[in-house]
Amino acid sequence: MSEFVYRIRRFYTWKDQELRDIFLSILAITFIFAYNDGSTQTFNLIYWILNFVKVFIIVFVSFFAYDAGMRLSALSQGYIAEYKMWATGLGISLIFTLLTKGQYPLILVGGLFLHHHKILRLGKFRHGINTMAYGTIAAAGPLANLFVMTIALALSKQLHILPTFFDTVARINGYMIIYQLLPIPKTNGIHIFFMSRLAYVFIAVTLASYVILSLVGVYSWLIAFIIGTSCWFAWYWFMEGGNDI
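Below: a short report on this structure. (Residues numbered from 1 in each chain as written. Predicted model: local features only at pLDDT ≥ 70, side-chain atom pairs only at ≥ 80, totals over all residues. Heavy atoms only, no water.)

1. Notes on the pairing of strand 1 (residues 79-85)
Next up, step 1: Most of strand 1 is tucked away: 5 of the 7 residues are buried.
Next up, step 2: As defined by bridge partners, strand 1 adjoins strand 2 (residues 110-116) across 7 bridges and the pair is classed as antiparallel. Across the sheet, residue Glu-82 finds its bridge partner in strand 2, namely Phe-113. (Buried < 20%, exposed > 50% of the residue type's maximum accessible area, 1.4 Å probe, protein only. Helix = DSSP H or I, 4+ residues; strand = E, 2+ residues; numbered from the N terminus. Pairing = 2+ DSSP bridges.)

Next comes the structure, spelled out in structure tokens:
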């Protein structure tokens, strides 16, 4: 534990360019969710700005939870995680938001990049960067968002504390989970997919199931886990021919 605490104190930092990428990504995600403020009346600039600030705070906390999940997982394995913004995906997301008037959020803003740290990896089996490390660290980001989403739903649905606010927190984190799990370049999902197709099916289906179930008022990690496990077995037997990958 003391070694892990030392790693956090020594290596839990951001480069200047990385902070810029994170800030631009947070602004972009905020704009995507705040563009349509849900008002059915005449546009009110003050109301829109206040809603933008509220969404910015939510996205800021959610994004750094996602970032922390990856960084802490990376440090525990002897790597340095870095967030890389995807300028093309960010541009597509913003254009899509304008075209759909913010009705259908699209979040393709960036993902994980790993650095091999020789000292932290000294003596480790498979000393360099490998697909297993990339996949497990990439999965930690969406898992952190799932944790935030679960807390938000508990506060909103069970304790009835600021339900409108925490419903928004859950909604934004749900979208972040889904889009980060897509197996396309520049997202975390592609690293999980290359780690193992079976692992990808289990992780993606389990997390997506929790998000989808929450839309119909079912808030259960257990049910999501059962659905993910069932899809794992189905993929294993019908798509992989019963052979290990």
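2. Description of helix 2 (residues 16-34)
Next up, step 1: In this model, helix 2 (19 residues) spans 27 Å end to end at C-alpha, consistent with the 27 Å of a helix rising 1.5 Å per residue.
Next up, step 2: Taken together, the buried positions of helix 2 are occupied by Glu-18, Asp-21, Ile-22, Ser-25, Ile-26, Ala-28, Ile-29, Thr-30, Ile-32, Phe-33 and Ala-34.
Next up, step 3: Its buried side turned inward, helix 2 meets helix 3 (45-77), strand 1, helix 4 (87-99) and helix 6 (163-180). (Expected span 1.5 Å × (residues − 1). Contact = heavy atoms within 4.5 Å.)

3. Considerations on the side chain of His-191
Next up, step 1: Inspection of the secondary structure assignment puts His-191 in helix 7 (residues 188-195).
Next up, step 2: Relative accessible area serves as the criterion here: at 19%, His-191 is assigned to the buried category.

4. Brief notes about the pattern of salt bridges
Next up, step 1: Using the criterion set out here, one finds 7 salt bridges in the structure.
Next up, step 2: Among the salt bridges present, the one from Asp-21 reaches Arg-20, with a minimum N-O distance of 2.7 Å.
Next up, step 3: Overall, the relative accessible area of 45% leaves Arg-20 in the partly exposed class.
Next up, step 4: Lys-157 is the partner of Asp-167 in a salt bridge, and the nearest nitrogen-oxygen pair spans 3.3 Å. Separated by 10 residues along the polypeptide, Asp-167 in helix 6 and Lys-157 in helix 5 (residues 131-158) bring together distant segments of the chain.
Next up, step 5: In this structure Asp-167 comes out as partly exposed when scored by relative accessible area, which is 27%.
Next up, step 6: A relative accessible area of 32% places Lys-157 in the partly exposed class.
Next up, step 7: A single salt-bridge network, built from bridges that share partners, covers Lys-15, Glu-82 and Lys-84. (Salt bridge = Lys/Arg side-chain N within 4 Å of Asp/Glu carboxyl O.)

5. Section: the nonpolar core
Next up, step 1: Core analysis: the biggest nonpolar cluster contains 54 residues, and Phe-63, Leu-112, Leu-114 and Ile-192 have the highest contact counts within it.
Next up, step 2: Every element with two or more residues in this core is listed here: helix 2, helix 3, strand 1, strand 2, helix 5, helix 6, helix 7 and helix 8 (197-215).
Next up, step 3: Setting aside its immediate chain neighbours within four residues, Leu-114 contacts Ala-74, Tyr-79, Ile-80, Ala-81, Ile-129, Ala-133, Tyr-134 and Ile-137. (Core = buried A, V, L, I, M, F, W, Y, C linked by side-chain atoms within 4.5 Å.)

6. Some points on unusual backbone geometry
Next up, step 1: One non-glycine residue, His-160, adopts positive backbone phi at about 55°.
Next up, step 2: Position of His-160 relative to the elements: it lies in the loop between helix 5 and helix 6.
Next up, step 3: A positive phi angle, close to 80°, is found at Lys-186, a residue other than glycine.
Next up, step 4: Relative to the helices and strands, Lys-186 is located in the loop between helix 6 and helix 7.
Next up, step 5: Using a relative accessible area of 53% as the deciding quantity, one classes Lys-186 as exposed.

7. Let's talk about the packing of aromatic side chains
Next up, step 1: Within this structure, the stated rule accounts for 18 aromatic pairs.
Next up, step 2: Note on Phe-165 and Phe-166: the rings are 5.2 Å apart at their centroids and 85° apart in plane angle, and the pair reads as edge-to-face.
Next up, step 3: The class of Phe-165 is partly exposed, set by a relative accessible area of 27%.
Next up, step 4: Look at Phe-166 and you get buried, because its relative accessible area is 16%.
Next up, step 5: Aromatic side chains Tyr-236 and Trp-237 sit 5.2 Å apart centroid to centroid with 80° between the ring planes, which places their arrangement in the edge-to-face category.
Next up, step 6: Look at Tyr-236 and you get buried, because its relative accessible area is 14%.
Next up, step 7: Cluster of aromatic residues (ring-pair linked, three or more members): Tyr-12, Trp-14, Phe-56, Phe-60 and Phe-64. (Phe/Tyr/Trp six-rings, centres within 6.5 Å; stacked < 30°, edge-to-face > 60°.)

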